[in-house]
Amino acid sequence: MDKPFKPNDVAVILRPITNKDDEWDGNFELMVCAVGPVTLAEEDMQDMLAVATLMATTVPMMEDDKAFAEKIMIKCDELYAGGNIDLGVVTVVDETHVLTQYSKTVGGVQ
């Protein structure tokens, strides 16, 4: 692929938060971003951004509600991993992993 993004793309971006030695601390910024030039109708782009924002909202919800996180992990495994990946590892209560009860995210729309 010669371009990672195309016009009208909408992305949910996870940016790792690192220390001064560029080591990941287990936390990340969560952003929703649209790529221009935007050629879709304004209402259509707003709809796309709304869906991406809803997707991004699931991250802090998973941080707050372990049962919800487990439901998401099960569905993710069904849809994308085909049962071949143990997605449960990200729910381990360990400050070095994301999506635990200790994870912190910083959100924003760019």
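Located above this text is the structure these notes cover.
Let us look at the structure shown here. (Residues numbered from 1 in each chain as written. Predicted model: local features only at pLDDT ≥ 70, side-chain atom pairs only at ≥ 80, totals over all residues. Heavy atoms only, no water.)

### Topic: unusual backbone geometry
Most peptide bonds take the trans configuration, and most residues that are not glycine carry a negative phi. Cis geometry is found at the peptide bond from Gly36 to Pro37, where omega equals 0 degrees. A positive phi is found at Asn8, a non-glycine position, where the angle reads about 80 degrees. Looking at the element boundaries, Asn8 is found in the segment before strand 1 (10–18). Non-glycine residue Asp22 carries a positive phi angle of around 65 degrees. Judged by its relative accessible area of 59%, Asp22 is exposed. (Helix = DSSP H or I, 4+ residues; strand = E, 2+ residues; numbered from the N terminus. Buried < 20%, exposed > 50% of the residue type's maximum accessible area, 1.4 Å probe, protein only.)

### So, the nonpolar core
Ranked by size, the top nonpolar core spans eight residues in total: Phe28, Leu30, Val32, Ala52, Ala56, Val59, Met62 and Ala69. Sorting elements by how many residues they give to this core places helix 1 (residues 42–64) first, with four residues. (Core = buried A, V, L, I, M, F, W, Y, C linked by side-chain atoms within 4.5 Å.)

### Focus on a nonpolar patch on the surface
A grouping of Val12, Leu14, Val51 and Met55 is seen on the molecular surface, where their side chains present a nonpolar patch of about 350 Å² in accessible area. Breaking the nonpolar patch down by element, the ones donating at least two residues are strand 1 and helix 1. Relative to the helices and strands, Met55 resides in helix 1. (Patch = residues over 30% accessible without salt bridge, like charges linked within 9 Å, V, L, I, M, F, W, Y side chains within 5 Å. Areas by Shrake-Rupley, 256 points an atom, 1.4 Å probe, with all protein chains shown as cover. Salt bridge = Lys/Arg side-chain N within 4 Å of Asp/Glu carboxyl O.)

### Describing the pattern of salt bridges
Note on pairing: side chains with opposite charge can pair once their charged atoms come close. All told, the structure shown has one salt bridge when counted by the stated rule. For Glu78, the salt bridge is made with Lys75, and the minimal N-O distance between the two is 3.3 Å. Linking Glu78 with Lys75, this pair stays in helix 2 (residues 66–81), spanning three residues, or about one helical turn.

Read these as geometric descriptors, not functional statements.
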